[in-house]
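Fold and contact review
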Amino acid sequence: MVPSVQQCMDNLVGVFHSYSKKEGDKYMLNYAELKLLLNKELSAYLGACKNPSRVNEIMSDMDKNKDGAVDFQEFVTIVAKLTVLCHDFFVGTDKVSPKPGWMRGVFRVAGEEEHAEQRAERN
């Protein structure tokens with residue numbers, strides 16, 4: 001039996017490569033591949049990313065080196081941040097398991113806090 005954390009790591013690698021190999025560089029996610037991944041794999045957390053500006057914003061956030069694509073390290077960094085948000089949401093609550101759609105509120109609040117921090121930095 002494969003340990004749970006190892007299985008999660010294997011799944012992350014597998015999911016990334018199942019999308020990155022669809023077009024161009026098999027080690028990078030381009031815009032179309034990222035959009036497909038977000039809509040199929042993270043839709044419960046992010047909602048369907050039908051708005052192109054939202055997908056562009058997510059791509060920009062993930063693409064730290066600004067090369068127009070997301071490599072595995074950039075992908076895992078965002079997944080880790082999302083995982084921390086999930087964890088932080090439940091710290092101090094008595095909830096054992098989340099209900100469907102619960103993450104939408106977490107990311108909306110986290111996004112508003114991040115945007116407020118960015119606005120404060122600019123001012």
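Residues numbered from 1 in each chain as written. Predicted model: local features only at pLDDT ≥ 70, side-chain atom pairs only at ≥ 80, totals over all residues. Heavy atoms only, no water.

Of the regular secondary structure elements, the protein holds six helices and two strands. Ordered by position from the N terminus, the helices and strands of the protein form the series α-β-α-α-α-β-α-α. Per-residue burial for the protein yields a buried fraction of 26% across its 123 residues. Long-range pairs, those at least 24 residues apart, make up 42% of the contacts in the protein between residues at least 6 apart in sequence. About 8,500 Å² of surface is accessible on the protein, with carbon and sulfur atoms providing 56% of the total. (Helix = DSSP H or I, 4+ residues; strand = E, 2+ residues; numbered from the N terminus. Buried < 20%, exposed > 50% of the residue type's maximum accessible area, 1.4 Å probe, protein only. Contact = heavy atoms within 4.5 Å. Areas by Shrake-Rupley, 256 points an atom, 1.4 Å probe, with all protein chains shown as cover.)

Helix length check: helix α5 (residues 72-90), at 19 residues, gives a terminal C-alpha distance of 27 Å against a target of 27 Å (1.5 Å per residue), a fit within 8%. Every buried residue belonging to α5 is among E74, F75, I78, V79, L82, C86 and F90, and all of these are buried. Down the axis of α5, the buried side of the element spans an arc of 155 degrees, and every buried residue falls inside it. Counted as exposed and oriented over 90 degrees from the buried face of α5: Q73 and H87. Backbone nitrogen of Q73 and a side-chain oxygen of the N-cap are separated by 3.2 Å at the start of α5; the cap is D71. (Expected span 1.5 Å × (residues − 1). Arc of directions from axis to C-beta. Polar contact = N/O pair within 3.5 Å; in protein donor to acceptor, adjacent residues only side chain to side chain.)

Once that is clear, we can look at the nonpolar core. Judged by nonpolar contacts, the single largest core of 15 residues is most densely connected at L29, L34, L37, M62, V70 and F75. Contributions of two or more residues to this core are made by α1 (4-20), α2 (31-41), α4 (52-62) and α5. Looking at this core, the element that brings in the most residues is α5, giving four residues. For L37, the residues in contact, after removing those within four places along its chain, are V15, Y19, L29, L42 and F75. (Core = buried A, V, L, I, M, F, W, Y, C linked by side-chain atoms within 4.5 Å.)

Attention shifts here to unusual backbone geometry. Backbone phi values are negative for most residues with the exception of glycine, while trans is the configuration of most peptide bonds. Within the chain, K66 stands out as a residue other than glycine whose phi angle is a positive 55 degrees. Among the structural elements, K66 can be located in the loop between α4 and β2 (70-71).

We now examine the side chain of D63. Examined against the element boundaries, D63 turns out to sit in the loop between α4 and β2. Those residues in contact with D63 that lie beyond four places of it in its chain are G68, A69, V70 and E74.

Applying the stated rule across the entire model yields three aromatic pairs. When the centroid spacing of 5.3 Å and the interplanar angle of 80 degrees are considered together, the rings of F16 and F72 count as edge-to-face. Here F72 lies in helix α5 and F16 lies in helix α1, a separation of 56 residues in the sequence. Residue class for F16 comes out buried when judged on its relative accessible area of 0%. According to the relative accessible area criterion, F72 is partly exposed, its value standing at 28%. With 5.3 Å between their ring centres and 45 degrees between their planes, F16 and F75 make a pair best called tilted. Of the two residues, F16 is situated in helix α1 and F75 in helix α5; the sequence distance between them amounts to 59 residues. Accessibility assignment for this pair places F16 and F75 in one class, buried. Cluster of aromatic residues (ring-pair linked, three or more members): F16, F72 and F75. Lying across the ring of Y19, K22 places its NZ or CZ 5.6 Å from the centre. (Phe/Tyr/Trp six-rings, centres within 6.5 Å; stacked < 30°, edge-to-face > 60°. Lys NZ or Arg CZ within 6 Å of the ring centre and 35° of its normal.)

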